[in-house]
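# Examining the three-dimensional arrangement
The chain contents come next:
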Number of protein chains: 2
Amino acid sequence: MAGTTLDDYTDRYARRVRGMKASEIRALFAVASRPEVVSLAGGAPYITALPLDAVGEMLGRLGSEHGATTLQYGIGQGTLELREGICEVMALSGIDAACGASPDDVVVTVGGQQALDLVARLFLDPGDVVLAEGPTYVGALGVFQAAQAQVVHVPMDSDGLIPEALEAAIAEQARTGRRVKFLYTIPTYQNPTGVTLTEERRERVLDICERAGLLVIEDDPYGQLGFEGEAPAPLRARRREGVFYLGTFSKTFAPGLRVGWILAPHAVRDKLVIASEAQILCPSGYAQAAVATYLNTMPWREQLKVYREVYRERRDALLDALTDLMPEGTSWTRPGGGLFVWATLPAGLDSKAMMPRAVAARVAYVPGTGFYADGSGGGHMRLNFSFPPPERIREGVRRLAGVMEQEIATRQVFGAVRGEGPRRRAGSDTPGPALA
Amino acid sequence: MAGTTLDDYTDRYARRVRGMKASEIRALFAVASRPEVVSLAGGAPYITALPLDAVGEMLGRLGSEHGATTLQYGIGQGTLELREGICEVMALSGIDAACGASPDDVVVTVGGQQALDLVARLFLDPGDVVLAEGPTYVGALGVFQAAQAQVVHVPMDSDGLIPEALEAAIAEQARTGRRVKFLYTIPTYQNPTGVTLTEERRERVLDICERAGLLVIEDDPYGQLGFEGEAPAPLRARRREGVFYLGTFSKTFAPGLRVGWILAPHAVRDKLVIASEAQILCPSGYAQAAVATYLNTMPWREQLKVYREVYRERRDALLDALTDLMPEGTSWTRPGGGLFVWATLPAGLDSKAMMPRAVAARVAYVPGTGFYADGSGGGHMRLNFSFPPPERIREGVRRLAGVMEQEIATRQVFGAVRGEGPRRRAGSDTPGPALA
């Protein structure tokens, strides 16, 4: 088998091998991480806002004083100590004992990503349909692709997922006889749009899914990072059954520890544990101890406020810069929390085609196409404000605006018809006006 | 959906949910971890043999001095620093640049378990057949079950997997028209038998798989834990293509960090990275930095010697105790390394049925049935010697021998026919004599 090629492996063993495609975001990280580039492309928290000396001291003691347990194997579900801490964190969002949340129904995972993958692994068969916001989290698209499921996007507007569009999508799938398994949704400070599903729509979306017999997968990485008061209560706080709640410490503590969780309906919690054991045997005992000790001994609620304050200032810097510098015809969301702004370009501009020129101008973003399973979204881009400091954000927007002005000028010189371009391709690519 | 049951989820969404079954080992851990029980059931390394003060100090600095990178997101493949370290570790076993091993083809995983799961996810379709030693690693059975593949066991003797039996199994599968994707093998200090595939058989097994077009998944968690000189070179050291090599730091450093790896054929390495990103986004930056720094700054080769010395002493304690205390008709393997001894009970005894009485006598082991996909293996048990100290091992064997004597006496009183029992059920349950 010397010199075996990818084709050999694909043809002989599994066509799936060829089907695995990298996200567009991934290729960006290499260029976007060069120091001269202002990256608005990532989704990284501002770790430097943590008290790293105190965190380091805590991490050291977990090795020297508790290494015999923290460095050892653990159980698949995760430690009780951490699951109790997770319940405290969820209670802050209104998911408490009164609505049936219990450490017994929490499964600790390798970040929110594994939480989502486990649900997909348990429930999705090849060819199943998953409903998801359009646009949605790029990593979720990767999970559903790996499960050989098909994503059908449900349009959003500035109030989040549109309930009528959800009903229409369910009806359309029923008409074509395809099997819809669940709705995957990020209702609060959504990735990539920053939009939050309104109070009133939350109940309607839950009712629609309940009537249709759809599970709801609620992904909530950003819910505690609001800048303007409390977000509406999570979907899981409103229903005990039928909602899988996915959480993570990646945005509120540190992504490098890779600790997330699922709060699962009681009947299937044990099956998720078995699926997780097949994937990773058990989550890291050391990382679990780190998060549990952080929650038990350090002022994590105060740290949430620090993150919120830092991100609010950066969001304002981004919004101000966009207002001051963006060419006419550009619009964007005004997130009440989270890490991202979703921008809609002037008609005719294509964020994917423009990307190499943006990188040449030392600014990076994620083209909207990364957030749609069908490759639409070219008229949009995602801009991150959690990682770069305010002055870098403004400089990034300045560079980006320059690239866009030049694109517009080029199009005019070469006679492209304004108001028309390659980006208006699919139904899922039309939330622009509603989100603007 | 109030009061939704497992049946509701199973019937409505995926039969797979009901099919996910916990391993027998898992249920044991709760009882086996009680302090009054001598547990010969686990597979835990003796973490206390590590210099925990120095490790703790290192872990602390990774947070306080390098937290901005170690606690942040990383790339899916894992850090170059760690992948270079992994290549040094593999070179010690003979897998070096001369046989094509390169950091570029290493994918860092969440322990060896995720490494195996990724290969299964990429290559296995439901209904595919996987060949594996009989008995084999219980966690591998979980992976293949989750992939809806069928495991066909290939018998072993004291020289490891029997090449003629491998050929026969391949021929039998071809006759029935089933699709065999790969051979999963632990050639060195195997789990659960402790047996090592001989030098001569390694070449024959590779030739047979090559001719049949089977991939080889070589799992090597124990290869550097030999007590009597060097083990034969890994399969991957003998072939550049067609062999996926899975490694882990769980046995040679610390399982609580959950760091393992795959060395993949170049053509598919990138696809494994994409599959891993869909599962976990990226491995823990902190855990990777911990292992890389351990390899770069601490005497890891000396630590391997410490582990070997501790385990050799404990293996000897186990073998001596078995010789001194076991009832007539019991036999066992004599491993040259690793963590386990595989014992074959006197005819008529059933290790699974005996387990509750063993726990009542404050000793635990893993019944042989856990290591066969078809539930055979009841005439055997796995005994771990890496975790309990020598005097506890002897005490455990004493308790176990007492339970066995009583079982034998009970059978005689109630007239069970000796030499015949429930355990001789399937072809895969017959390596006993050859392994004895």
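Just so you know, these numbers come straight off a predicted model, no measurement behind them.

Now for the overall build of chain A. Counting its regular elements, chain A contains 16 helices and 14 strands. Over its C-alpha atoms chain A spans a radius of gyration of 22 Å, differing by no more than 12% from the 22 Å that the globule rule assigns to 436 residues. Counting only C-alpha atoms, chain A reaches 70 × 60 × 55 Å along its principal axes.

Facing the 76 residues of chain B at the interface are 76 residues of chain A. Broken down by secondary-structure element, the contributors of at least two residues to the side of chain B that touches chain A are α1 (6-12), α2 (16-19), α4 (52-64), α5 (67-70), α7 (111-123), α8 (138-146), α11 (266-280) and α12 (285-297) of chain B. The element contributing the most residues to the side of chain B that touches chain A is α4 of chain B, with ten residues. Of the residues in the side of chain B that touches chain A, the class split is 39 nonpolar, 21 polar and 16 charged.

By a simple turn and slide, chain B fits onto chain A: the slide is 0.0 Å along the axis, the RMSD is 0.0 Å, and the turn is 180 degrees. Such a combination of turn and shift is consistent with a two-fold rotation axis. For chain B, the minimum C-alpha distance to the rotation axis belongs to G60 of chain B and amounts to 1.8 Å. Residue by residue, 100% of the interface of chain B is reproduced at the interface of chain A, so both copies engage with the same surface.

Two orientations exist for strands paired in a sheet by backbone hydrogen bonds: parallel and antiparallel. Residue and element names in this part refer to chain A. The strand order across the open sheet built from four strands is β10-β11-β14-β13, with neighbouring strands paired in antiparallel fashion. Sheet topology places β10 (331-332) and β13 (366-367) at the edges, where each strand pairs with a single neighbour. Relative to strand β14 (residues 380-384), strand β11 (residues 340-344) is paired through five bridges, and the arrangement is antiparallel. Across the sheet, A343 pairs through a bridge with M381, a residue of β14.

Mapped onto the elements of the fold, G60 of chain A is located in helix α4 (residues 52-64). A residue is classified by how many C-beta atoms lie within 10 Å of it, and G60 of chain A, with 21 of them, is buried. In this structure the C-alpha to C-alpha distance between G60 of chain A and A290 of chain A, which are 230 residues apart in sequence, comes to 9.8 Å. G60 of chain A has contacts with G56, E57, L59 and G60 of chain B, leaving out every residue within four places of it along the chain.

Here the focus is the environment of A169 of chain A. Residues and elements named next belong to chain A. Along the chain, A169 turns up in helix α9 (residues 163-176). On the neighbour-count criterion, A169 (22 C-beta atoms within 10 Å) is buried. The residues contacting A169, other than those within four sequence positions of it, are L131, V152 and V154.

Once that is clear, we can look at the sheet that holds strand β11 (residues 340-344) of chain B. All names here are of chain B. Within the open sheet, the four strands sit side by side as β10-β11-β14-β13. Their pairing is antiparallel. Pairing within the sheet leaves two strands with one partner each, and these edge strands are β10 (331-332) and β13 (366-367). Taken together, the two bridges between β13 and strand β14 (residues 380-384) define a ladder with antiparallel strand orientation. Note that in β14 the partner of P367 across the bridge is M381.

A word on helix α7 (residues 111-123) of chain A. The end-to-end C-alpha separation of α7 of chain A is 19 Å, in line with the 18 Å expected for 13 residues at 1.5 Å each. The element α7 of chain A is extensively covered by neighbouring structure, given that 13 of its 13 residues are classed as buried.

Summarizing the sequence annotation, UniProt attributes the feature "domain: Aminotransferase class I/classII large" (unreviewed entry) to residues 65-400 of chain A in the numbering used throughout. Strand forms 17% of residues 65-400 of chain A and helix 42%; the C-alpha atoms that close the span are 50 Å apart.

Residues and elements named next belong to chain A. Direction vectors running N to C along α9 and helix α10 (residues 199-212) enclose 10 degrees, while the axes themselves pass 10 Å from each other. Considering the angle they form, α9 stands roughly parallel to α10. Considering only the axes of α9 and α10, their crossing is right-handed. The segment α9 lies against α10, with P163, L166, E167 and I170 engaging R201, R204, V205, I208 and A212. Grouping the constituent residues of the contact of α9 with α10 by class yields six nonpolar, no polar and three charged.

Glancing now at unusual backbone geometry. All names here are of chain B. Cis rather than trans, the peptide bond between G134 and P135 has omega equal to 0 degrees. Here P135 shows up in the loop between β3 (129-134) and α8. A cis amide bond links N191 to the next residue, P192, at an omega of 15 degrees. Note on placement: P192 falls in the loop between β6 (180-185) and α10 (199-212). A positive phi angle is found at Y189, which is not glycine, with a value near 50 degrees.

Before going further, it helps to examine the nonpolar core. By size, the foremost hydrophobic cluster in this structure holds 192 residues, and its most contacted members are I262 of chain A together with I262 of chain B. Each residue touching I262 of chain A, except ones within four places of it in the same chain, is listed here: V107, T109, A115, L118, V119, F244, L246 and L272 of chain A.

Residue and element names in this part refer to chain A. At a closest axis distance of 10 Å, the pairing of α4 and helix α12 (residues 285-297) adopts a crossing angle of 130 degrees. One way to sum up the angle between α4 and α12 is to call them oblique. Between α4 and α12 the crossing geometry is right-handed. On α12, the residues touching M58, L59 and L62 of α4 are Y286, A289, A290, T293, Y294 and T297. Across the contact of α4 with α12, the residue classes tally to seven nonpolar, two polar and no charged.

Once that is clear, we can look at helix α13 (residues 300-325) of chain A. It helps to recall that an α-helix has 3.6 residues per turn; residues three or four apart then point in one direction. Residues and elements named next belong to chain A. For α13, which comprises 26 residues, the first-to-last C-alpha distance of 37 Å matches the rise-based estimate of 38 Å (1.5 Å per residue) to within 8%. For α13, every residue scored as buried is listed here: Y311, R314, R315, L318, A321 and L322. Packed against the buried residues of α13 are β10, β11, β14 and α15 (390-413).

All names here are of chain B. Of all five residues in strand β7 (residues 215-219), five are buried; the element is thus mostly enclosed. Neither face of β7 is open: one carries L215, I217 and D219, the other V216 and E218, and all of them are buried. As paired elements, β6 and β7 share four bridges and run parallel to each other. Among the inter-strand pairings, Y184 is bridged to a residue of β7, identified as I217. Read from β6 through α10 to β7, the crossover connection turns out right-handed. One ladder, built from four bridges, connects β7 with strand β8 (residues 243-248); its direction is parallel. Across the sheet, V216 pairs through a bridge with V243, a residue of β8.

The next subject is the domain arrangement of chain A. All names here are of chain A. What the domain assignment lists for chain A is domain 1 (13-49 + 303-417) and domain 2 (66-298). Spacing between the C-alpha centres of domain 1 and domain 2 amounts to 25 Å. Within the residue set of the side of domain 1 that touches domain 2, elements represented by two or more residues are α13 and β11. It is α13 that provides the largest number of residues to the side of domain 1 that touches domain 2, a total of six residues. Looking at side-chain class alone, the side of domain 1 that touches domain 2 contains 14 nonpolar, nine polar and four charged residues.

Below, the discussion takes up the environment of K181 of chain A. Mapped onto the elements of the fold, K181 of chain A is located in strand β6 (residues 180-185). Take K181 of chain A: there are 23 C-beta atoms within 10 Å of it, and that puts it in the buried class. Residues K181 of chain A and E407 of chain A lie 226 residues apart in sequence; the distance between their C-alpha atoms is 42 Å. Beyond its immediate sequence surroundings of up to four residues, K181 of chain A is in contact with F123, L124, D128, V130 and L215 of chain A together with Y13 of chain B.

Here β14 of chain A lies mainly inside the structure; five of its five residues are buried. Alternating positions in β14 of chain A separate into two faces, H380, R382 and N384 of chain A on one and M381 and L383 of chain A on the other, with burial throughout.

Cut-offs used in this document
- Residues numbered from 1 in each chain as written.
- Chains lettered and ligands numbered in written order.
- Predicted model: local features only at pLDDT ≥ 70, side-chain atom pairs only at ≥ 80, totals over all residues.
- Helix = DSSP H or I, 4+ residues; strand = E, 2+ residues; numbered from the N terminus.
- Rg over C-alpha atoms; globule rule 2.2 N^0.38 Å.
- Contact = placed C-beta atoms within 7 Å.
- Nonpolar A, V, L, I, M, F, W, Y, C, P; charged D, E, K, R; others polar.
- Least-squares fit on C-alpha atoms with pLDDT ≥ 70 in both.
- Pairing = 2+ DSSP bridges.
- Buried ≥ 20, exposed ≤ 12 C-beta atoms within 10 Å, placed from the backbone.
- Expected span 1.5 Å × (residues − 1).
- UniProt positions renumbered as here; feature names shortened; annotations may be inferred.
- Axes fitted to C-alpha atoms, helices over the stretch in contact; angles between N-to-C directions.
- Parallel < 35°, antiparallel > 145°, perpendicular 65-115°, else oblique.
- Left-handed = near helix turned anticlockwise from the far one by under 90°.
- Core = buried A, V, L, I, M, F, W, Y, C linked by C-beta atoms within 7 Å.
- Right-handed = clockwise from strand over helix to strand, strands pointing away.
- Domains from an automatic or database assignment.

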